[in-house]
Amino acid sequence: MDKAYIRGEVVPSEEAKISIASHSIQYGSTVFGGMRGYQKGEKFHLFRLEDHFDRLFKATKIFGMDIKMNFGEFQEAVFDLIRANKPEGDFYIRPFIYSDDEELTPKFIGINFDLAMYMIPLGDYLDTSRGLKLMVSSWKKFSDAAISTKAKAGGAYLNASLARSEAMRCGYDEALVMDDNWNIVEGSAENFLIVYRGEVIIPELGSAMLEGITIRTVIEILRMNGIEPRFEKIDRSMTYTADEVLLTGTGAQILFAESVDGREISKTSGKICELLRKNYDAIINNEHEKSKDWLTIVE
Ligand code: PMP
């Protein structure tokens, strides 16, 4: 995948460079997205492209980044990049809004922002064949009072990196992070839900969690199957005693926890995990009633 998109065109990746003195390098002032493309024969299925665009540009609105682009322009840039890269297999596209301005003051006013994108081949981001060993991190998720929790802001991922690194150092696969009130809100880069006394519980949207596109998909799959999730606070004890603990994300897709802080949850994937995986696979393979709404097919 040796082509990237920058300054309005597709160029060889080595030409997609920005200044070391740029606002984005120095202050982490980017907002980014992460989208998957699934190969199906000669075609590629992009999952919920318009929703990814919508979240990315809402993030620019939250920070007051001065950039305008409509969905048609964004989609065309994505198509150009995919066709230039001629992927073989599933891939991941990382679109992001950045500033190359060499501005010393950390501020958003008077700063120029632009779209750039690159692609990488991507199979499983985490191992889907087994359950994950999770750890509740000692690093808390920042609150929306500090940095927007609803935008994927580059600098804010220092927090995710701390949590994930701590978990890895302690021999776990992934971290769960708590908010200021000691409720578990998500993984380092995944949303989180539990099955508790037979009900599916998802943290409230107004908590510090990111509004993931996969968890939104999960909510719709559950409803289509007659299951109404509850949106509530989830504490540590509920997590330890849940029937299923699941993580969802574009990279991760749908994963189950084998254990949390050494408390066994389940050695095998549970009923809800299986239901979600079955539907998710059908959706991305264009074999589900929702596929037509959520897939963009690139020839
Ligand atoms: N939470 C965080 C902090 C994330 O980085 C991600 C990955 N984008 C998610 C949740 C899951 O979001 P999505 O399903 O849109 O990938």
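To start, this report covers the structure provided alongside it. Here the residue numbers are simple positions, counted from 1 along each chain's written sequence. Local features in this predicted model are restricted to residues of pLDDT 70 or higher, and side-chain atom pairs are both shown and tallied only at a pLDDT of 80 or more, whereas totals for entire chains, interfaces and linings draw on every residue. As a rule here, side-chain values cover all heavy atoms of the structure and leave hydrogens and water aside.

**Details of the overall build of the protein**
Then step 1. Strands here mean DSSP runs of E at least two residues long; helices mean DSSP runs of H or I at least four residues long; both are numbered from the N terminus. What the protein contains, in helices and strands, is eight helices and 17 strands.
Then step 2. Overall, the C-alpha framework of the protein stretches about 50 × 45 × 30 Å when taken along its three principal axes.
Then step 3. Throughout this description, buried means an accessible area under 20% of the type-specific maximum (1.4 Å probe, protein chains only), exposed means over 50%, and partly exposed covers the range between. Expressed as a percentage of the 299 residues in the protein, the buried residues total 54%.
Then step 4. Pairs at least 24 residues apart make up 69% of the contacts formed inside the protein by residues separated by at least 6 positions.
Then step 5. Of the charged side chains in the protein, 36 are positive and 47 negative; the average position of the first set lies 3 Å away from that of the second. Residues count as neighbours in contact if any of their non-hydrogen atoms are within 4.5 Å of one another. Neither His nor the chain termini are counted; the positive set is Lys and Arg, and the negative set is Asp and Glu. To locate a charge, take atom NZ for lysine, CZ for arginine, CG for aspartate or CD for glutamate.

**Regarding the packing of aromatic side chains**
Then step 1. Aromatic pairing here means that ring centres of Phe, Tyr or Trp (its six-membered ring) are within 6.5 Å. Orientation follows from the plane angle: under 30 degrees is stacked, over 60 is edge-to-face, and everything else is tilted. For the coordinates displayed, the defined rule picks out 11 aromatic pairs.
Then step 2. Seen in terms of ring centroids, F47 and W294 are 6.3 Å apart; in terms of plane orientation they differ by 85 degrees. Their pairing is edge-to-face. Taken together, the positions of F47 in strand β5 (residues 43-47) and W294 in helix α8 (residues 291-294) put the pair 247 residues apart, joining distant regions of the chain.
Then step 3. The buried category is assigned to F47, whose relative accessible area is 4%.
Then step 4. Ring geometry for F53 versus F74: centroids 5.2 Å apart, planes at 45 degrees, classification tilted.

**Side note on the pattern of salt bridges**
Then step 1. Whenever Lys or Arg places a side-chain nitrogen within 4 Å of a carboxyl oxygen from Asp or Glu, that contact is recorded as a salt bridge. One pass over the structure, following the stated rule, counts 19 salt bridges.
Then step 2. Note that R223 is salt-bridged to E228, the shortest N-O span being 2.9 Å.
Then step 3. Accessibility expressed as a relative area gives 48% for E228, which makes it partly exposed.
Then step 4. Salt-bridge contacts for E232 lead to R230; the nearest nitrogen and oxygen are separated by 2.7 Å.
Then step 5. By relative accessible area, which is 27% here, E232 ends up partly exposed.
Then step 6. The class of R230 is partly exposed, set by a relative accessible area of 32%.

**Quick word on the site of the ligand**
Then step 1. Taken together, 15 residues lie near the ligand, and K152, Y157, I213, T214 and T250 sit nearest.
Then step 2. N or O atoms within 3.5 Å of each other form a polar contact, as long as, within protein, one can give a hydrogen and the other can take it, and as long as residues adjacent in sequence are counted only when both atoms are side-chain atoms. A distance of 2.5 Å separates an oxygen atom of the ligand from a polar side-chain atom of Y157.
Then step 3. For the ligand, an oxygen atom lies 2.7 Å from a polar atom in the backbone of I213.
Then step 4. Only α5 (213-224) and β14 (244-249) provide two or more residues apiece to the shell around the ligand.
Then step 5. Polarity classes work like this: nonpolar for Ala, Val, Leu, Ile, Met, Phe, Trp, Tyr, Cys and Pro, charged for Asp, Glu, Lys and Arg, and polar for all others, with Gly in that last group. Partitioning the shell around the ligand into residue classes produces four nonpolar, seven polar and four charged. The nearness test applies per residue and asks whether one of its heavy atoms lies within 4 Å of the molecule or strand.

**A closer look at the nonpolar core**
Then step 1. Membership of the largest hydrophobic core comes to 33 residues, with the highest contact counts inside it found for F74, V78, I82, I93 and I97.
Then step 2. Broken down by secondary-structure element, the contributors of at least two residues to this core are β5, α2 (49-63), α3 (71-85), β6 (91-98) and β7 (114-121).
Then step 3. In terms of residue count, the dominant contributor to this core is α3 (seven residues).
Then step 4. Those residues within four positions of I97 in sequence are excluded, and the remaining contacts are S29, T30, V31, L56, F57, T60, M65, I67, F113, D114 and L115.
Then step 5. What is meant by a nonpolar core is a set of buried Ala, Val, Leu, Ile, Met, Phe, Trp, Tyr and Cys residues, joined one to another through side-chain atoms within 4.5 Å. Counting residues in hydrophobic clusters, the runner-up holds 31 residues, among them M135, A167, M209 and W294.

**Focus: the side chain of T239**
Then step 1. Following the sequence through the fold, T239 ends up in helix α6 (residues 236-240).
Then step 2. According to the relative accessible area criterion, T239 is buried, its value standing at 0%.
Then step 3. Ignoring anything within four residues of it in the chain, the contact list for T239 reads L176, I184, F192, I234, V245, V260 and I265.

**Side note on the packing of α5 against helix α7 (residues 271-284)**
Then step 1. Two elements in contact, α5 and α7, have axes separated by 10 Å at closest approach and are oriented at 105 degrees. It follows that α5 is roughly perpendicular to α7 by the angle criterion. Between α5 and α7, the contacting residues are T214, T217, V218, I221 and L222 on the first element and I272, L275, L276, N279, Y280 and I283 on the second.
Then step 2. Here the contact of α5 with α7 is built from residues that sort into eight nonpolar, three polar and no charged. Angles here are taken between N-to-C directions and fall from 0 to 180 degrees, while the axes themselves are lines fitted to C-alpha atoms, restricted in helices to the stretch in contact. Comment on the angle field: the value is read as roughly parallel under 35 degrees, roughly antiparallel over 145, roughly perpendicular from 65 to 115, and oblique elsewhere.

**Section: the pairing of strand β2 (residues 9-12)**
Then step 1. One bridge is not enough; two strands pair if DSSP finds at least two bridges between them. Two elements, strand β1 (residues 3-6) and β2, share four bridges in a ladder whose sense is antiparallel. What sits directly across from A4, in β2, is V11.
Then step 2. Hairpin connection from β1 to β2: two residues lie between these consecutive antiparallel strands, with R7 at a positive phi of about 50 degrees.

These figures capture arrangement, not role.
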